[in-house]
Amino acid sequence: MYLLLSIPKNAMFFAGFFIGIFWFYWISFSFIYYDLPYVIPFIIIGFALFYGVVFYVLAFWENIYYRVGAIFGLSYLSFFGFNWLQVELLFIHSYFGIEKIDLLIIIASLALVTRYKYLGLLPLILALNINFAPEPKKTENPLKIYMPQLNLSQNLKWKKDHQEEIIEKNLRHIDSAIAQGYDVIVLPETAFPLLLNTNEYLWDTLQEKAQEIDIITGALYKEKKQYFNSSYHFSSHKVVVANKVVLVPFGEEIPLPKILKDFINNTFYNGAQDYAKATEPTDFDVQGIKFRNAICYETTTHKIFEDLGDVRYMVSISNNAWFTPSVEPTLQKLLMQYYARLYNITIYASANGSPNLVIDE
């Protein structure tokens, strides 16, 4: 952080260039599954150049106060709705707070070091996150939650000849959870790689098993001519479908004017249309306990945490097989820890392709 405030303007370009590579190189891996592996180096270099320019602008004027404001302002920016470059993540596993005011104090203090040497570090005391009073104990979740670890390759996930095998494995996981006396089982994003609400046999089977255990699973949902990435909650008395609210930019929706959107969808995604989305988050009532539903990218946005009310638990489902092996699951974990601490919520994260997590910050 000190170097970002003190290195020359041209060096800032290269700082952004390499941050762009090492922070976001994994995004390009998804193009393997669209049979476009040749675009991977162009995507990586594209992110490098983009953030190189962004960081160059952060130091455009040789003024320390401008640079303080610019770096702090970077924490508010999301480009095309993508906000994973959160400066505050650097302090998740530190003694410093992660609120915006803490970040501003840290940046300003390091700027003072350039003029007042070590005396400039004194304001850092104000950003320390040390609580000498015992914290009130969180209410323990009384439900026994089972999250089987799935590691299904993205190469196989959507192949028709593997669909029956995938369904049978998921049903065996549910039967195992019932046999072990769990209250609820959580399966990852698109654990059932199909339109679940149009598959009558599977729908009836899950409803039958839901008489013995609550089932939360990811699958696609179709309504009229629209397709949603969704979570399904099967309980003993009803089924609740939670459609995704925040779509992945350039993955599930193209955040560009229609003419460019159509060009990209036709060129790279075989003419597929953007997913549809819900207007607000959904809460599942699991045996009297509320869980905010989140699907993958949503868990790392402020939008999904709006209007929590008395909700203190979140169930998050992801499919990280698009990007593994890479740094993506680690970055996702840091972001979930950030939001869990910021909103004082416990996250039960069920993922395919990376370790399941219970985040209680």
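For the structure, see preceding data.
To keep things clear, this report deals only with the structure shown in the data block. (Residues numbered from 1 in each chain as written. Predicted model: local features only at pLDDT ≥ 70, side-chain atom pairs only at ≥ 80, totals over all residues. Heavy atoms only, no water.)

Our next topic: the overall build of the protein chain. Of regular secondary structure, the protein chain possesses ten helices and eleven strands. For the protein chain, whose C-alpha radius of gyration is 22 Å, the value lies close to the compact-globule estimate of 21 Å for 361 residues. By the burial criterion, 48% of the 361 residues in the protein chain qualify as buried. When contacts within the protein chain are restricted to residue pairs at least 6 apart in sequence, long-range pairs at least 24 apart make up 67% of them. As displayed, the protein chain has an accessible area near 18,300 Å², and 60% of this comes from carbon and sulfur atoms. (Helix = DSSP H or I, 4+ residues; strand = E, 2+ residues; numbered from the N terminus. Rg over C-alpha atoms; globule rule 2.2 N^0.38 Å. Buried < 20%, exposed > 50% of the residue type's maximum accessible area, 1.4 Å probe, protein only. Contact = heavy atoms within 4.5 Å. Areas by Shrake-Rupley, 256 points an atom, 1.4 Å probe, with all protein chains shown as cover.)

The subject of this paragraph is the pattern of salt bridges. Overall, the coordinates contain nine salt bridges when judged by the stated rule. Among the salt bridges present, the one from Asp 283 reaches Arg 292, with a minimum N-O distance of 2.4 Å. (Salt bridge = Lys/Arg side-chain N within 4 Å of Asp/Glu carboxyl O.)

With that settled, consider a nonpolar patch on the surface. A cluster of nonpolar side chains, namely Tyr 95, Leu 112, Tyr 116, Leu 119, Leu 122, Ile 125, Leu 128 and Ile 130, defines an oily patch on the protein surface of about 860 Å² accessible area. Tracing the backbone through its elements, the reader meets Tyr 95 in the loop between helix H4 (64–74) and helix H5 (100–116). (Patch = residues over 30% accessible without salt bridge, like charges linked within 9 Å, V, L, I, M, F, W, Y side chains within 5 Å.)

So, on to the pairing of strand E4 (residues 214–223). Along E4, eight of the ten residues are buried, which leaves the element largely enclosed by surrounding structure. For strand E2 (residues 184–186) and E4, the ladder comprises three bridges, and the chain directions are parallel. By the bridge assignment for E4, Ile 185 is matched with Ile 215. Regarding topology, helix H8 (residues 200–209) serves as the crossover connection from strand E3 (residues 192–195) to the parallel E4, and that connection is right-handed. In the sheet, E4 pairs with strand E5 (residues 226–234) via nine bridges, with the strands oriented antiparallel. Bridge assignment links Leu 220 to a residue of E5, and that residue is Asn 229. The hairpin formed by E4 and E5 contains two residues between the paired strands, and Lys 224 there has a positive phi angle of roughly 55°. (Pairing = 2+ DSSP bridges. Right-handed = clockwise from strand over helix to strand, strands pointing away.)

Right, let's talk about helix H3 (residues 40–58) for a bit. Along its 19 residues, H3 runs 27 Å from first to last C-alpha, staying within 8% of the 27 Å computed at 1.5 Å per residue. Next to the buried residues of H3 lie helix H1 (2–6), helix H2 (9–24) and H4. (Expected span 1.5 Å × (residues − 1).)

The next subject is H2. Between the first and last C-alpha of H2 there are 22 Å, a value that for 16 residues agrees with the 22 Å anticipated at 1.5 Å per step. For H2, the full list of buried residues reads Met 12, Ala 15, Gly 16, Phe 17, Gly 20, Ile 21 and Phe 24. Looking at the packing, one finds that the buried side of H2 touches H1, H3 and H4.

Following Thr 324, the chain continues to Pro 325 via a peptide bond in cis, the omega torsion being 0°. Among the structural elements, Pro 325 can be located in the loop between strand E9 (313–319) and helix H10 (328–343). One non-glycine residue with positive phi stands out, namely Asp 35, at about 60°. For Asp 35, a relative accessible area of 65% translates into the label exposed. Of note in the backbone geometry, Gln 287 takes a positive phi value of approximately 50° without being a glycine. Along the chain, Gln 287 falls in the loop between strand E7 (283–286) and strand E8 (289–295).

We now examine the sheet that holds strand E10 (residues 346–352). What links the strands of a sheet is backbone hydrogen bonding, and the strands pair in either a parallel or an antiparallel sense. Read from one edge of the open sheet, five strands run E7-E8-E9-E10-E11, paired in mixed fashion. Strands with a single pairing partner mark the edges of an open sheet, and in this sheet they are E7 and strand E11 (357–360). Taking the axes of each pair of neighbouring strands and ignoring which way they run, one obtains an average angle of 25° across the sheet. Examined bridge by bridge, E7 and E8 share four bridges and lie antiparallel to one another. When the bridges of E8 are listed, Phe 284 appears paired with Phe 291. Docked against the sheet, H10 engages E9, E10 and E11, running at close to 35° with respect to E11. (Axes fitted to C-alpha atoms, helices over the stretch in contact; angles between N-to-C directions.)

Ranked by internal contacts, the top residues of the largest apolar core, which has 55 residues, are Phe 24, Trp 26, Phe 55, Trp 84, Phe 305 and Ile 347. Counting only elements with at least two residues in this core, the list comes to H1, H2, H3, H4, H5, H10, E10 and E11. Residues contacting Ile 347, with those up to four places away along its chain left out, are Thr 299, Phe 305, Met 314, Ser 316, Met 336, Ala 340, Leu 357, Val 358 and Ile 359. In this structure, Phe 192, Leu 194, Ile 213 and Phe 234 belong to the second largest nonpolar core, which totals 23 residues. (Core = buried A, V, L, I, M, F, W, Y, C linked by side-chain atoms within 4.5 Å.)

Glancing now at the packing of aromatic side chains. All chains considered together, the criterion is met by 35 aromatic pairs. Their ring planes at 90° and their centres at 5.2 Å tell us that Phe 50 and Tyr 51 sit as a pair that is edge-to-face. Since its relative accessible area comes to 34%, Phe 50 is described here as partly exposed. Ring centres of Phe 82 and Tyr 297 lie 6.0 Å apart, and the angle between their planes is 10°; on these two criteria the pair is classed as stacked. Of this pair, Phe 82 sits in the loop between H4 and H5 while Tyr 297 sits in the loop between E8 and E9, and the two are 215 residues apart along the sequence. (Phe/Tyr/Trp six-rings, centres within 6.5 Å; stacked < 30°, edge-to-face > 60°.)

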